[in-house]
Amino acid sequence: MRNSKITWSIVAGTAVALVAGVGVAIAVNRDSSGSAAAPVASASAAAGNSTPSASPAPSPGADIEGPLDLVLIGVDTRVSIPGYEPHADTIMLLHVEADLKSGYLFSLPRDLRVDIPAYKKSGFRGGRHKITEAMSRGSRIPGSDKKSVEQGYELLTKALSAYTGIKTFHGGAVLNFQGLDKLVDELGGIDLVVDQKVKSRHRTPDGRMRPLSGGDYYGPQAVYQPGRRHLVGWQALDYGRQRYGLPNGDYDRQRHHRQLVEAILDKALSQGLDDPAKLRSVMDALGESLVYVGGRTPFEYAYALRDLDASKITTVSLPGEGVGSGGGYLGEQLKEEGRGFVKAIAKGNHEAYLRSHPKLVDKG
């Protein structure tokens, strides 16, 4: 059986470039007169239509103030199909500083053991579980086979707040794998530094799926060698899937996801997406794979974060370890220094904390 859960996880990276905006200025396509053009619509959210006037109104999002905390979630099912129960396979948090010009990106393990609060809308009574389960338990609608991604997001953010101490998440995006390879190809591929040799469990060197027999794949493998590499769509998706055979397993995979976020953002910024036609083609590549929830529209955040680019985002690795009972695996927990960073973010002491714990910063 194909290990499909890993596929979805890297998709969360695209949300930084296309939902949070982060300098791409999705909301502020301007014509030659300097007046703001109407935001481009996408499957992720209705941006609304602006009405021309003699005195241009302030750009949407001009009133947004920092700091901001945003949630990027990769799910393991098709979010567009009613009845599928979503799990949060990847969770990234983006903290943007008060000046909206710099930020910190970090991941939480999908198997992190946390206290998930009771949630009346889904009938969930609360308990200690893997954080990935908050999405599914919150998505349930009593008396119905349908599932609500929005409810799942709401319970997940409640669990995140309880664990991190971050009281408010200003917006979030829920994505699945559909469209990520198309997005990267639409951008003309991405460039990143591969930091360790990565063998693909799933793809051959020419991008075809490896044959599956007896629960495992066999035959020639795609290999990503250390160094600066150009990846096309299928390679970016495949590179981000891999965790087996890596020294630190899913923690290495989380770091690779953050590399992909920066690479996608770098490429998007280099393309000058103030061209509405180009922007529309990039947004359309995501299609129904993107569900934007909470907060203001993506276009408003894009304007607010127009001065934030990849070089101003510090990516942080949070070390963790497995926990169990009676020899059985229960999930993951962050080690003390990783938990300390999360607490520091909530208290606004993260810059000082990283100065005293420099090894947490991803080397790029």
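Reading guide: rules and limits
- Residues numbered from 1 in each chain as written.
- Predicted model: local features only at pLDDT ≥ 70, side-chain atom pairs only at ≥ 80, totals over all residues.
- Heavy atoms only, no water.
- Helix = DSSP H or I, 4+ residues; strand = E, 2+ residues; numbered from the N terminus.
- Expected span 1.5 Å × (residues − 1).
- Buried < 20%, exposed > 50% of the residue type's maximum accessible area, 1.4 Å probe, protein only.
- Contact = heavy atoms within 4.5 Å.
- pLDDT = per-residue confidence, 0-100.

### Some details on helix α10 (residues 336-347)
Phase 1: Taking 1.5 Å per residue as the helical rise, α10 with its 12 residues ought to reach 16 Å, and the 16 Å between its terminal C-alpha atoms agrees with that figure.
Phase 2: Looking only at α10, the buried set comprises Gly 338, Gly 340, Phe 341, Val 342, Ala 344 and Ile 345.
Phase 3: Following α10 by one or two positions, Gly 348 has its phi on the positive side, about 80 degrees.

### Observations concerning the environment of Tyr 84
Phase 1: Within the secondary structure layout, Tyr 84 lies in the loop between β1 (68-75) and β2 (88-96).
Phase 2: Assessed through its relative accessible area of 46%, Tyr 84 is described here as partly exposed.
Phase 3: Sequence separation of Tyr 84 and Arg 140 is 56 residues, and the distance between their C-alpha atoms is 9.8 Å.

### What about the environment of Ala 98?
Phase 1: Assignment of secondary structure puts Ala 98 in the loop between β2 and β3 (103-108).
Phase 2: Setting aside anything within four residues of it in sequence, one finds Ala 98 in contact with Gly 66 and Pro 67.

### Describing the confidence of the model for the protein chain
Phase 1: Put simply, the protein chain has an average pLDDT of 79, and 74% of its residues get 70 or more.
Phase 2: For the protein chain, helix α1 (residues 5-9) is the element with the lowest average pLDDT, namely 29, and helix α11 (residues 350-356) is the one with the highest, namely 98.
Phase 3: Considering only residues more than four positions removed or in separate chains, one finds that residues 1-50, a stretch of pLDDT under 50, has 161 contacts.

### A word on unusual backbone geometry
Phase 1: A cis amide bond, omega 0 degrees, links Gly 66 with the succeeding residue Pro 67.
Phase 2: Topologically, Pro 67 is positioned in the loop between α2 (12-18) and β1.
Phase 3: The phi dihedral of Leu 100 falls on the positive side, at around 60 degrees, and the residue is not glycine.
Phase 4: Mapped onto the elements, Leu 100 comes out in the loop between β2 and β3.

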